[in-house]
Amino acid sequence: MEGSVVELRTRLLIACVIALFGVAACSGSKDNDQSATPDNAKADRNVYFHDMASAAGVDFVHVNGASPRKYLPEIMGAGGSVLDYDADGWMDLYLVQSGQLPGSDVDVSAGGNRLFRNRGDGSFEDVTQAARVGDTGYGMGAVAADYDNDGDTDIYVVNFGRDVLYRNNGDGTFADVGEANGIDGERWGSSAAFFDADADGHLDLYVVNYLEFAVADHIDCGSPSEGIYSYCHPDVYDMQADVFYRGDGDGGFINATEAAGLLDTSGDGKGLGVVAADLDNDGDTDIYVANDSTPNFLYRNLGHGKFEEVGLFTGTSHNDDGMTEAGMGTDAGDVNDDGWLDLIVTNLSAETNALYLGGKDFFDYGTRAAGLYEGSLMQVGFGVDFLDVDNDADLDMFVTNGHVIDNIELTDDSQSFQQPSQLFLNDGAGRFSLVDAGLAGDVARPGVGRGTMTFDYDNDGRLDVVVTRNNEPVNLYHNEWQNAANWIGFDLQATDGNPDAIGTKVTVDVDGRRIVEEKKAGSSYQTSGDPRLHFGLGDAETATRVTVRWPGGGEDIFEDLAGGRYYRLVEGATAPLPLPEF
């Protein structure tokens with residue numbers, strides 16, 4: 001395709017030419033990358049992950065409804081969300097379907113979105129029909145949170161077309177209340193995040209939109225005269241601006257995009273991923289958007305829910321060469337234990353994934369120093385999560401990959417449509433090593449990866465990962481690492497502010513280290529993960545000190561909490577509530 005394949009091949013050629021001058025390597029490392037068996041894994045030949053989707057009853061297969069004309073939305077979905085919809089302490093799974101693309105003459109039957117209830121015995125049951133959440137729109141992503149403050153978790157579905165807001169009725173069923181509650185318009189949405197922008201106790205919603213596209217306006221890309229069609233580069237289409245909905249305090253939303261300073265007038269925003277978190281440590285929630293081949297956005301919260309875009313100023317809009325990249329997924333976490341949240345963005349092959357290290361006012365581009373350059377150079381990254389996979393008290397990273405050109409092998413034999421997911425281990429100082437395929441387990445099997453969702457579905461303290469795929473079955477990767485260390489987890493409930501406690505920052509002191517995590521709702525690519533916070537404790541038996549900074553500004557401190565279990569932390573309570581040991 002003249003729009004995307006030529007550009008991709010040019011980027012790969014440039015990357016390899018650079019290698020001749022010792023800056024990067026297409027095979028081998030010139031930038032201190034480590035792509036080898038990690039030290040803590042050499043002695044034991046167990047593996048990190050096994051795919052348990054089939055055994056657990058999660059029999060979801062994504063259908064993209066692909067046409068020979070290759071309409072761009074077909075290749076971009078889809079994701080889902082983790083939630084505990086019935087409040088039984090076991091995390092459930094909501095998966096988004098695509099199916100019949102509006103306007104396409106390709107007739108497919110894919111059903112709709114599906115909700116899988118966790119039975120608590122390692123298996124799931126499909127409760128979609130009973131719960132009434134089987135939306136049949138052309139789905140992209142989802143995010144879950146208690147948007148109306150009634151004590152149960154709701155679901156927002158992001159579609160190519162009309163989005164859906166499912167309100168949890170509290171009896172195992174949901175109702176679609178989007179149009180009645182201010183969710184307006186039909187756009188090409190990708191990802192979304194719930195957060196409290198103005199600290200009024202009511203959740204707000206940021207929806208990332210991608211391109212202005214309709215089947216009727218489709219442009220044929222590739223080499224049509226030779227009968228070769230490919231999915232177009234996003235440069236072929238105009239951007240579609242993101243939307244910010246402010247919670248009105250009565251269970252509804254108001255489109256406040258312009259009033260909040262979030263209206264994109266640059267024409268640059270072609271968004272795919274979003275994460276909302278306090279990136280400058282000033283006590284309110286900021287927004288980071290991964291844009292595709294245009295500058296990424298960082299919206300700094302000025303207070304009272306007003307924002308300014310500071311991506312270029314903070315060093316998070318471009319890579320270290322000043323170039324835009326094809327941003328897909330994103331997450332925020334403190335990878336080097338300095339108290340500042342860092343950002344990761346997955347990108348196209350020949351670009352590498354981008355790590356931005358947080359600090360006061362500015363971010364440092366840390367991809368090379370962190371050992372992430374070579375491992376991501378030849379991959380097309382989508383979903384990404386920071387997680388402590390081995391409970392050694394630092395954040396590791398999981399990335400799923402998959403190309404956006406389904407016939408890429410016809411024009412570039414260095415690339416493949418199906419690609420392996422990757423697990424990168426943190427050495428404790430913010431430097432990562434790529435786990436080799438033999439130890440990574442089933443995650444190394446190639447597929448067309450899109451979303452990632454980290455959650456502890458069997459409540460054993462080892463984090464599991466769901467990978468959603470394009471036109472392929474979902475994967476439920478069970479963490480089976482035998483050397484996993486101790487851990488502690490928290491279910492948060494705020495009394496001053498949004499009850500879901502989204503935006504709460506928790507600091508755990510253990511063995512002289514200070515680990516910081518923030519509760520988020522929406523990250524990676526088209527997904528949201530486990531609403532609980534999980535901390536690895538290493539060899540320590542207890543968390544010496546747990547400091548909780550709540551969204552309303554209050555602070556609670558708990559000391560000497562035994563590891564190996566989950567606790568419920570309620571704002572203002574004098575002691576934590578130990579949850580049942582499952």
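Everything numeric here is computed off the predicted structure, so don't read it as measured data.

Here the focus is the state of the cysteines. Taken as a whole and assessed by the stated rule, the structure comprises 1 disulfide. At a sulfur-sulfur separation of 2.0 Å, the disulfide partner of C221 is C232. Between C221 and C232, the disulfide has an S-S torsion of 100° and is therefore right-handed. With C221 in strand β12 (residues 221-223) and C232 in the loop between β13 (228-230) and β14 (243-247), this residue pair connects regions lying 11 residues apart in the sequence. Since its relative accessible area comes to 8%, C221 is described here as buried.

Within strand β16 (residues 271-277), 7 of the 7 residues are buried, leaving the element largely enclosed by the surrounding structure. Two strands pair when backbone bridges link them, and β16 and strand β17 (residues 286-291) are joined in this way by 6 bridges, in the antiparallel orientation. The residue of β17 that forms the bridge with A277 is D286.

Another point: the nonpolar core. Within the largest apolar cluster, 34 residues are counted, with the highest numbers of intra-cluster contacts made by Y156, F194, F195, L205, Y206 and I287. Those elements that place two or more of their residues in this core are β6 (138-145), β7 (154-162), β10 (186-195), β11 (204-209), β14, β16, β17 and β18 (297-303). Aside from chain neighbours lying at most four places away, what touches L205 is V143, Y156, I183, A192, A193, F194, V243, F244, Y245 and F253. Ranked by size, the runner-up nonpolar core spans 29 residues in total, among them Y71, L72, F213 and F382.

A word on the domain arrangement of the protein chain. Interface size is commonly expressed as the accessible surface area that is lost when the partners come together. By domain assignment, the protein chain separates into domain 1 (49-487) and domain 2 (488-578). Inter-centroid distance (C-alpha atoms) of domain 1 to domain 2 is 23 Å. Roughly 3,800 Å² of surface becomes buried between domain 1 and domain 2 when both sides are summed, with 50% attributable to carbon and sulfur atoms. Per-residue buried area on domain 1 facing domain 2 is highest for A393, N486 and W487; these three make up 20% of the total on that side. Between domain 1 and domain 2 we count 4 salt bridges in total. The residue K520 makes a salt bridge to D331 at a minimum N-O spacing of 3.6 Å. Broken down by secondary-structure element, the contributors of at least two residues to the side of domain 1 that touches domain 2 are β2 (80-83), β6, β10, β16, β20 (330-333), β24 (381-387), β28 (449-455) and β31 (486-493). Looking at side-chain class alone, the side of domain 1 that touches domain 2 contains 31 nonpolar, 25 polar and 12 charged residues.

Think of a ball as big as a water molecule: rolled over the atoms, this probe shows where empty space is left. Taken as a whole, the largest pocket spans an internal volume of roughly 600 Å³. Lining the largest pocket are 31 residues, with D84, T153, D491, D500 and P531 positioned closest to its centre. Those elements giving two or more residues to the lining of the largest pocket turn out to be β2, β6 and β31. For the lining of the largest pocket, the element with the highest residue contribution is β31, accounting for 3 residues. Looking at the lining of the largest pocket residue by residue, the classes come out as 15 nonpolar, 6 polar and 10 charged. The two domains that each donate at least three residues to the lining of the largest pocket are domain 1 (49-487) and domain 2 (488-578).

In spatial order, the strands read β16-β17-β18-β19; together these 4 strands make up an open sheet with antiparallel pairing. Sheet topology places β16 and β19 (306-309) at the edges, where each strand pairs with a single neighbour. The mean angle between the axes of side-by-side strands here comes to 25°, regardless of whether they run parallel or antiparallel. Sheet topology places β18 next to β19; 4 bridges connect them, and they run antiparallel. Bridge pairing in β19 places G303 opposite K306.

With 3 bridges connecting them, strand β21 (residues 342-345) and strand β22 (residues 354-357) associate as antiparallel partners. When the bridges of β22 are listed, I344 appears paired with L355. The pairing of β22 with strand β23 (residues 364-365) spans 2 bridges and is classified as antiparallel. Note on β23: the bridge partner recorded for L357 is D364. Between β22 and β23, which pair antiparallel and follow one another directly, the connecting turn spans 6 residues, one of which, D361, has a positive phi of 75°.

What follows concerns the side chain of N353. Summarising the element assignment, N353 is placed in the loop between β21 and β22. We classify N353 as buried; its relative accessible area is 4%. Of note is the side chain of N353, whose polar atom sits 3.0 Å from the backbone nitrogen of N347. Beyond its immediate chain neighbours, meaning those up to four positions away, N353 contacts I344, V345, T346, N347, Y365, T367, S376, G381 and V399.

Glancing now at the sheet that holds strand β5 (residues 124-126). Taken in spatial order, the 5 strands of this open sheet run β5-β4-β3-β2-β34, and their pairing is mixed. Of all the strands in the sheet, the pair left with one neighbour each is β5 and β34 (527-528). Strand direction decides the pairing type here: β2 and strand β3 (residues 92-95), joined by 4 bridges, are antiparallel. By the bridge assignment, S81 is partnered in β3 with Y94.

This part is about the pattern of salt bridges. All told, the structure shown has 24 salt bridges when counted by the stated rule. Here K70 and D406 are joined by a salt bridge, their closest N and O atoms 2.8 Å apart. Residue K70 is located in the loop between α2 (53-56) and β2, and its partner D406 is located in the loop between β25 (396-401) and β26 (422-426); the two are separated by 336 residues in the primary sequence. When its relative accessible area of 12% is taken as the criterion, K70 is described as buried. D406 sits in the partly exposed class, given a relative accessible area of 26%. Where salt bridges share partners, they join D86, D88, R117 and E125 into one cluster.

Glancing now at empty space enclosed by the protein. All chains considered together, the criterion is met by 5 cavities of 30 Å³ or more. When its volume is computed, the largest cavity comes out at roughly 430 Å³. Lining the largest cavity are 26 residues, and of these F386, E517, K520, D530 and L533 sit closest to its centre. Counting only elements with at least two residues in the lining of the largest cavity, the list comes to β20, β24, β33 (513-518) and β35 (533-538).

Rules and cut-offs
Here, residues in each chain are numbered from 1, in the same order as that chain's written sequence. The predicted origin of the model limits local features to residues at a pLDDT of at least 70 and limits the giving and counting of side-chain atom pairs to 80 or more, whereas totals for whole chains, interfaces and linings rest on all residues. Processing note: side-chain calculations cover all non-hydrogen atoms of the structure and skip hydrogens and water entirely. Counting rule for disulfides: a pair of cysteine sulfur atoms within 2.5 Å. We count a stretch as a helix when DSSP gives it H or I for four or more residues in a row; a strand needs E for two or more, and each element gets its number in order from the N terminus. Three labels apply to residues, based on accessible area from a 1.4 Å probe with only protein chains included: buried if under 20% of the type maximum, exposed if over 50%, partly exposed otherwise in between. Here, strands pair whenever DSSP counts at least two bridges between them. To qualify as a nonpolar core, a set must consist of buried Ala, Val, Leu, Ile, Met, Phe, Trp, Tyr and Cys residues joined through side-chain atoms within 4.5 Å. By definition in these notes, contact holds between two residues if any of their heavy atoms fall within 4.5 Å. Where a domain begins and ends is set by an automatic assignment or by a domain database. Buried area: the accessible area, evaluated with a 1.4 Å probe, that two parts lose upon being put together, summed over both parts. Counted as salt bridges are all cases of a side-chain nitrogen of Lys or Arg within 4 Å of a carboxyl oxygen of Asp or Glu. Amino acids are sorted into nonpolar (Ala, Val, Leu, Ile, Met, Phe, Trp, Tyr, Cys and Pro), charged (Asp, Glu, Lys and Arg) and polar (every other residue, Gly among them). Here the term cavity refers to a set of points on a 1 Å grid, laid over the protein atoms alone, in which a 1.4 Å probe fits but cannot get out; the term pocket refers to an open set having protein on both sides within 12 Å along at least five of seven lines, with lining residues being those that place an atom within 4 Å of a point. Grid points are joined across faces, edges and corners, and a volume is the space filled by probe spheres set on the points. Fitted lines through C-alpha atoms give the axes, limited to the stretch in contact for helices. The angle between two N-to-C directions lies from 0 to 180 degrees. Two N or O atoms count as a polar contact when they lie within 3.5 Å, although within protein this holds only if one can serve as hydrogen donor and the other as acceptor, and sequence-adjacent residues are included solely when both atoms are side-chain atoms.

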